[in-house]
Amino acid sequence: MFSTSTAVDKPHEPYGNRLYSLLMQINCTVLDLQKSVTIPQSAVFVTDANQLQSFESSKIVLEVCKCCEEISKLNLGTVNITPRQKFNTRDGMEKRKGTNPLKDEDENEDNIWWLVVQRGIAASFISISLFALLVRVTVSLHPYSGAGKPPKYGDFEAQRHWMEITLNLPASEWYRNSTANDLSYWGLDYPPLTAYQSYVHGLILRNFHPDSVSLHTSHGHESYLGKLLMRWTVLSSDVLMFFPAVFYFIVVYYSGSRTGRKSDWAWHIAMILLNPCLILIDHGHFQYNCISLGLTVGAVAAILSDKDLLGCFLFSLALNHKQMSAYFAPAFFSYLLGKGLRCQNPLLKVLKLGLVVIGTFFIVWWPYLQSADAFLQVLSRLAPFERGIYEDYVANFWCTSSILIKWKTLFTIPTLKLLSLGATVSASLPSMVQQIWAPSRQGFLYGLLNSSLSFYLFSYQVHEKSILLPLLPASFLAIEEPFLFKWMMHYALLSMFPLMCRDELILPYISLSALFILLYHAPGGRKEKRDTLSPSNLKSFAIVFLVLCSLTLHVVYLVVSPPEKYPFLFEAMIMLLCFSQFLFIAGYTNMKQWMSLKDYALENREKKYL
């Protein structure tokens, strides 16, 4: 029975999006019917065309019959359509909007995720976090970027040097070339919030080991205590910034009509916290991506919970920590603009968001707003165009196509900047238009993935480590798109493999890859969802072939020497394979984002009657 107070909940997996669309269509059609025909409370849907004579609106009822007939062909058994209600679970009464009761399959003794969540989501998050922290500690025992390789060492030395500079020089000198601050030796090239973070971490190092951050004399410092303290700063940043943000996201994400299986929560937490690429870069290679990514995760969670001002504040902080956070800017801008234009007072809404962003930037940049020269000096450090449009062998368009088109030789830097800007904006535009036209929370998550992939594939000066940015929204969508997440993670790892070999992190690379596969395929971890969403249009032999190609490239890169004429042949092969897969993923996710318009239209139609 349908009535004007009935809302159709999105059915539990594996019914799928098609069933949901049909149910929404039936509900909206019946609401139309009730305007012209009074249906008694005991009425039952007709399934025979001969019975239509008793109704005035035969065309509307016929539409209902067609939808019911199509649902019956799905062979789903009994489908109950009920108003939104509370469900009893083992944890007591939970007010879960649009979810189903906990399934018996969660209690299967083979479901390791159910064993994790028995004592509640908070306890399970702590358990997984402790394991994730242990994994990070284990990886940190291995070498780091530039270990024992003078004169410039690597990213480890860069981070230590920034602590040295920020501790011993005034803020006005941090970005300025001088005798005390030689910018050619790992000069600061990140926004001011990174400098402030380096200052705080430098205080810790100076308190326990002053020699590790002394001006000039500490260059290339690699004492045991100094390395231990440096590793500790990354671990503490992860625990204080990234882990709480992930918990916030998980709570917000599952507060809506996502899923009734609590084991999915644990699986999703593990997929985000045990991201092998992030662990390898931050705790192996050595960086602080966990801070900017943690701020971004918090911003996404705030946006999903309708705390738009908080989301703008957190994302502005992320932008001020690492300028690569701009990969997500088109998605934030388009979603908030589309949402703001639908408010009762759109101008006031947009004005408040703008004031939060401007205010945050003003506070962070205050030391450099005293003069135009100081401000421009910082900006020049954030956009090092002189390095060229790409470095090393990164799996993006410019580096891949350089095999045929010598971009650096044929074009000047100003021309390449314009080409890069035009390509990036063009690739991001479809996703932005969709969110301005029809903003939705699910579309926002797809928009984050699409905009970050657009920047990775087409923007200026992309590094292998930048793949961490598209991987973050891919992990948000792991429940919705588990196969895509696994596929992207596989090729993201492959794209970083040459870097891991240079850093002597092959053992952690193999171990974390194996751990990810084990956790992904662990019993009870979204098995039904993965089977449902595996791309049917790809033949099984194509998937096997691509996986074999990637595994072969791993082995060849390790054991075979490249020809002298082509010393970077294997890097180029890895780059070509990864670029093809990232480009395919970008096309697929853009298509999925635009396909969500149909569900958006049905939901809006239903809301008019509720």
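Residues numbered from 1 in each chain as written. Predicted model: local features only at pLDDT ≥ 70, side-chain atom pairs only at ≥ 80, totals over all residues. Heavy atoms only, no water.

## Digging into helix α20 (residues 482-502)
In this model α20 runs 31 Å from its N-terminal to its C-terminal C-alpha over 21 residues, within 8% of the 30 Å that 1.5 Å per residue would give. Largest kink in α20: about 45 degrees, centred on M496, with the proline P498 one to four residues after it. Taking burial as the measure, the 21 residues of α20 include 18 buried ones, the bulk of the element. Of the residues trailing α20, E504 is marked for its positive phi of about 60 degrees. (Helix = DSSP H or I, 4+ residues; strand = E, 2+ residues; numbered from the N terminus. Expected span 1.5 Å × (residues − 1). Bend = angle between axes of the 7 residues up to and from the residue. Buried < 20%, exposed > 50% of the residue type's maximum accessible area, 1.4 Å probe, protein only.)

## Side note on helix α11 (residues 308-321)
Compared with an ideal rise of 1.5 Å per residue, which puts 14 residues at 20 Å, α11 spans 20 Å between its outermost C-alpha atoms and is within 8% of the ideal. Burial analysis of α11 places eleven of its 14 residues in the buried class, which makes it a mostly covered element. For α11, the elements touching its buried residues are α6 (192-208), α10 (289-304), α12 (329-340) and α13 (346-365). (Contact = heavy atoms within 4.5 Å.)

## Overview of the packing of helix α5 (residues 155-168) against helix α7 (residues 224-253)
Axis angle and axis distance: for two packed helices, these are the angle between their axes and the distance between the axes, and together they describe the pair. Where α5 contacts α7, the two axes come as close as 12 Å, and the packing angle between them is 90 degrees. In terms of their interaxial angle, α5 and α7 are classed as roughly perpendicular. Residues F156, Q159, R160 and M163 of α5 form the contact with α7, whose participating residues are K227, M230 and T233. (Axes fitted to C-alpha atoms, helices over the stretch in contact; angles between N-to-C directions. Parallel < 35°, antiparallel > 145°, perpendicular 65-115°, else oblique.)

## Describing the side chain of E157
With respect to the secondary-structure elements, E157 resides in helix α5. Of the polar contacts made by the side chain of E157, one reaches the side chain of R160; its length is 2.9 Å. With sequence-adjacent residues up to four places away left out, E157 is seen in contact with K152, Y185, W186, H219, G220 and H221. (Polar contact = N/O pair within 3.5 Å; in protein donor to acceptor, adjacent residues only side chain to side chain.)

## Some words on a nonpolar patch on the surface
Residues I403, L404, I405, L410 and L576 make up a contiguous nonpolar surface patch of about 500 Å² in total accessible area. Its location among the elements puts I405 in the loop between α15 (397-401) and α16 (407-410). (Patch = residues over 30% accessible without salt bridge, like charges linked within 9 Å, V, L, I, M, F, W, Y side chains within 5 Å. Areas by Shrake-Rupley, 256 points an atom, 1.4 Å probe, with all protein chains shown as cover. Salt bridge = Lys/Arg side-chain N within 4 Å of Asp/Glu carboxyl O.)

## Some details on the packing of aromatic side chains
Given two aromatic rings, one states the distance between the centres and the angle between the planes to describe the pair. Applying the stated rule across the entire model yields 33 aromatic pairs. For the pair Y144 and F156, a centre-to-centre distance of 4.0 Å together with 20 degrees between the ring planes defines the contact as stacked. One end of the pair, Y144, is in the loop between α4 (121-140) and α5; the other, F156, is in helix α5, and twelve residues separate them in sequence. Residue Y144 is classed as buried on the basis of its relative accessible area of 7%. Since its relative accessible area comes to 2%, F156 is described here as buried. Both rings, one in F483 and one in W487, keep their centres 5.7 Å apart while their planes meet at 15 degrees; by these two values the pair is stacked. Placement of the pair is F483 and W487 together in helix α20, with a separation of four residues, close to one helical turn. An identical accessibility class is assigned to F483 and W487; each is buried. Members of the aromatic cluster, connected to one another through ring pairs, are F249, Y253, Y254, W265 and F476. Against the face of W186 rests K152, its NZ or CZ located 5.0 Å from the ring centre. (Phe/Tyr/Trp six-rings, centres within 6.5 Å; stacked < 30°, edge-to-face > 60°. Lys NZ or Arg CZ within 6 Å of the ring centre and 35° of its normal.)

## Observations concerning the confidence of the model for the chain
When the pLDDT values of the chain are averaged, the result is 83; 75% of them are 70 or greater. Under a pLDDT of 50 for its full length, residues 35-58 has, in the predicted model, 22 contacts with residues more than four places off or in other chains. Note on residues 528-535: pLDDT is under 50 here. Beyond four places in sequence and across chains, it has 20 contacts. (pLDDT = per-residue confidence, 0-100.)

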